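Residue strings, one per chain:
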Amino acid sequence: MSSTQAEELQGKIVESTNLEKRAADILTRLRSLREQDAPTHGGRVLSYVYDSGLATLDELAADAARLVQPVNGLDPTVFPSTAVMERELVAFAREFLHGASDPAADTDTDTDTDTGGIVVGNVTSGGTESCVLAVKAARDFRGLPPGEGSLVLPTTAHAAFHKAAHLLGLELILVPVDPTSGRVGAHDIATAVRKDTVLIVVSAPNYPFAALDPIADVAEVARAHSIPLHVDACIGGLALPWWGDLPPWDFQVPGVTSMSVDFHKYGYSPKGVSVLLHRGRDLHRKQYFGLTDWPGYPVVNPTLLGSKSVAALAGAWAISQVLGQLGYAELVSRAQRATRALIETVQSIDGLRVVGSPVGPLFAVATDGSVPLERRVDPHRWVSAVGARGFVLQGQPASTQPDGTVLPRTTHLTVTPVTESVLGELTNALVLGADDVRGLAAAEAPPALAELAGAFERGDVTVADVLALPSDAVAAALRSAGLDPRGSADSPLDMAAVLAAVESLPREVTKRLLVEFLAGLVEP
């Protein structure tokens, strides 16, 4: 903008009529941008979004968010409404996770979080923050300084715990799971535990395969070693309580010391809002950061964020108040019916199989290796074929565990209540999509990346060589592979080829490539 143009506009930007027109114009542009997104409602996307199918709940959350739009969640003494909403949402989660206050435990007089102590917690910005803070609280409860300690978890535990270990300087000890069931063994956890282990993690269920870890058995291991145990129920916490007959997996289990549950998943609230619960006030207080030794106002933060919106909290609180446990149970029953129908459909498709015995409204699908090659269906080819028929599934690459066993490449499906309304169309897409690609070989990595994989195999290049490359060189390599983050919308990303590259290259290399791709996608 020239100086002359700036002078002409000075004093006119905030004039009421001009501002209203500009506001209308930018909202028109935003609507146009949103048209490029995958649909968030209607059951077309079986990952990332969680649709209750009830427009009233969406409107309720939007209205609640607008009421608190200017509120800063930094200080509940100034904005006490935030404390009320957080307290009531934590109490709601605590009740259905069997952590409701026991008068005998409410004194919290001993520091043993094993079986005693009131269950307390906070609302966070999402599952990742809940997981990081659970690890931080356990590390500090143990009294270890930054850079010391280890974290024990199955290979199927969420990536958020890898992030927590990285940020907090903990050594990550990954325990292989059974490739058939996707479950970790309690004995294997016991073998992995060390003297400096600050926390053991299990999932209810895990994201990749929807396997429910043997939580009671692992809890016995944790108690025997006096180590806290975190149950990551971010995805299952608002579904499993009403799923039916399951082995104990929540605060009913002695030895479970913390849990995380996301309300922006099967709580159907806007992103992002999660609840982190701890058994015992002493463990909970270690989650906090406080500072009075500086010239500014006293800082006390229960979460990683300081100033923060409470819009998602208000949405989650309002929805939970309206639905209650009975409302959530009804929505879970819809998702459960749809999940069972889809599993039955997949089991009838020649060349595909459901992995393990999934628990909750999600499952993974792999190639059925028991049938001849010409009848097999590659799960990543299947993702593309089903996508062409209007439904978005999520591909997951094969993964080699520390013991050398391989977890299969799969397709992940997350099922929500609204899925039931499109079950007929979705079932046809799954069946016909498999017919489209049955017998085809797995997708190959883009030629340039396949050539790079060959160079690694020959020893012509090392991981250190690639990691030492500057950003511009990595970006150029991506473009040569046809993976230009600024590429045309007419050439959508071939995820089957991308996942093939992830499987064929060292994981440190693919991480570097994908970081460059995503960074380039949002770079101005």
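So, how was this worked out
One numbering rule holds for all chains: residues counted from 1, following each sequence as written. This being a predicted model, a pLDDT of at least 70 is required before a residue's local features are given, and a value of 80 or more before pairs of side-chain atoms are given or counted; all residues contribute to the totals for chains, interfaces and linings. Side-chain measures here rest on the full set of heavy atoms in the structure, leaving out hydrogens and waters. Two strands qualify as a pair provided DSSP detects at least 2 bridges between them. Strands here mean DSSP runs of E at least two residues long; helices mean DSSP runs of H or I at least four residues long; both are numbered from the N terminus. Think of it like this: strands point away, you trace from the first strand over the helix to the second, and a clockwise trace means the crossover is right-handed. Ring geometry is summarised as follows: Phe, Tyr and Trp rings, the Trp one being its six-membered ring, pair when their centres sit within 6.5 Å, and such pairs are stacked at plane angles under 30 degrees, edge-to-face over 60 and tilted between the two. Only protein chains enter the accessibility calculation, which uses a 1.4 Å probe. A residue is then buried if its area is under 20% of the maximum for its type, exposed if over 50%, and partly exposed in between. As a rule, the C-alpha atoms of each element are fitted with a line to give its axis, helices using only the stretch in contact, and angles between N-to-C directions run from 0 to 180 degrees. Here roughly perpendicular refers to angles of 65 to 115 degrees, roughly parallel to angles under 35, roughly antiparallel to angles over 145, and oblique to all remaining angles. In this scheme, a crossing is called left-handed if the near helix is turned counterclockwise away from the far one by less than a right angle; it is called right-handed if the turn is clockwise. Throughout, a residue-residue contact means that at least one pair of heavy atoms, one from each residue, lies within 4.5 Å. The nonpolar class holds Ala, Val, Leu, Ile, Met, Phe, Trp, Tyr, Cys and Pro. Asp, Glu, Lys and Arg form the charged class, and all remaining residues, Gly among them, are polar. What pLDDT conveys is the predictor's confidence in a given residue, as a value from 0 to 100. For the purposes of these results, a polar contact is taken to be a pair of N or O atoms within 3.5 Å, where, inside protein, one atom must be able to donate a hydrogen and its partner to accept one; residues adjacent in sequence count only when each atom of the pair is a side-chain atom. Here, nonpolar core means buried Ala, Val, Leu, Ile, Met, Phe, Trp, Tyr and Cys residues that are tied together by side-chain atoms lying within 4.5 Å of each other.

Trainee: Honestly, the pairing of strand S3 (residues 171-175) in this entry has me stumped. Any pointers?
Mentor: Each regular strand shows side chains that alternate between the opposite faces of the sheet. As judged from the 5 bridges shared by strand S2 (residues 150-154) and S3, these two strands associate in the parallel manner. Bridge pairing in S3 places Leu 151 opposite Leu 172. Note that the unit made of S2, helix H6 (residues 159-168) and S3 has a crossover that is right-handed.

Trainee: When you look at the packing of aromatic side chains in this model, what are you seeing that I'm missing?
Mentor: The geometry of two aromatic rings is summed up by the distance between their centres and the angle between their planes. One pass over the structure, following the stated rule, counts 10 aromatic pairs. Measuring from ring centre to ring centre gives 5.1 Å for Tyr 50 and Tyr 266, while their planes differ by 75 degrees; the resulting arrangement is edge-to-face. With Tyr 50 in the loop between helix H2 (16-34) and helix H3 (55-67) and Tyr 266 in the loop between strand S6 (256-262) and strand S7 (274-279), this residue pair connects regions lying 216 residues apart in the sequence. Residue classification places Tyr 50 among the buried residues on the basis of a relative accessible area of 13%. Judged by relative accessible area, Tyr 266 falls into the buried class, the value being 2%. Taken together through their ring pairs, the aromatic side chains of Tyr 50, Phe 92, Phe 96, Trp 242, Phe 263, Tyr 266, Tyr 268 and Tyr 328 make up a single cluster.

Trainee: How should the packing of H3 against helix H10 (residues 311-347) be read in this particular structure?
Mentor: The description of two helices packed together rests on the angle between their axes and the distance between the axes. Running from amino to carboxyl end, H3 crosses H10 at an angle of 150 degrees, the nearest separation of the two axes being 6 Å. As far as their axial angle goes, H10 and H3 are roughly antiparallel. The way H3 lies across H10 gives a crossing that is right-handed. Seen from H3, the contacting residues are Leu 57, Leu 60, Ala 61, Ala 64 and Ala 65; seen from H10, they are Ala 311, Ala 314, Gly 315, Ala 318, Ile 319, Val 322, Leu 323 and Leu 331. Split by residue class, the contact of H3 with H10 holds 12 nonpolar, 1 polar and no charged.

Trainee: It is not clear to me how the packing of helix H11 (residues 379-388) against helix H12 (residues 423-437) should be interpreted in this structure. Could you clarify?
Mentor: At a minimum axis separation of 8 Å, H11 and H12 run at an interaxial angle of 120 degrees. What the angle tells us is that H11 and H12 run oblique. Considering only the axes of H11 and H12, their crossing is right-handed. In this structure, H11 contributes Arg 381, Trp 382, Ala 385 and Val 386 to the contact, and H12 contributes Ala 429, Leu 430, Gly 433, Ala 434, Asp 436 and Val 437. Grouping the amino acids of the contact of H11 with H12 by side-chain chemistry returns 7 nonpolar, 1 polar and 2 charged.

Trainee: What's the story with the confidence of the model for the protein in this structure? I'm lost.
Mentor: Regions with low pLDDT should not have their predicted coordinates read in detail. On average, residues of the protein score 93 in pLDDT, and 93% of them are at 70 or above. Scored below 50 in pLDDT, residues 103-111 shows 14 contacts in the model against residues more than four places distant or in partner chains.

Trainee: Would you explain the side chain of Ser 258 in this entry?
Mentor: With respect to the helices and strands, Ser 258 occurs in strand S6. Separated by 2.7 Å, the side chains of Ser 258 and His 230 make a polar contact.

Trainee: Explain the nonpolar core to me, please; I cannot follow it from the model alone.
Mentor: One recurring pattern in soluble globular proteins is that nonpolar side chains are buried together. Core analysis: the largest hydrophobic core is formed by 74 residues, its most contacted members being Ile 189, Ile 200, Ile 215, Trp 249, Phe 263, Val 275 and Tyr 328. For this core, the leading source of residues is H10, giving 10 residues. Contact partners of Ile 189, with chain neighbours within four places excluded, come to Val 152, Val 175, Val 184, Ile 200, Val 218 and Val 221.

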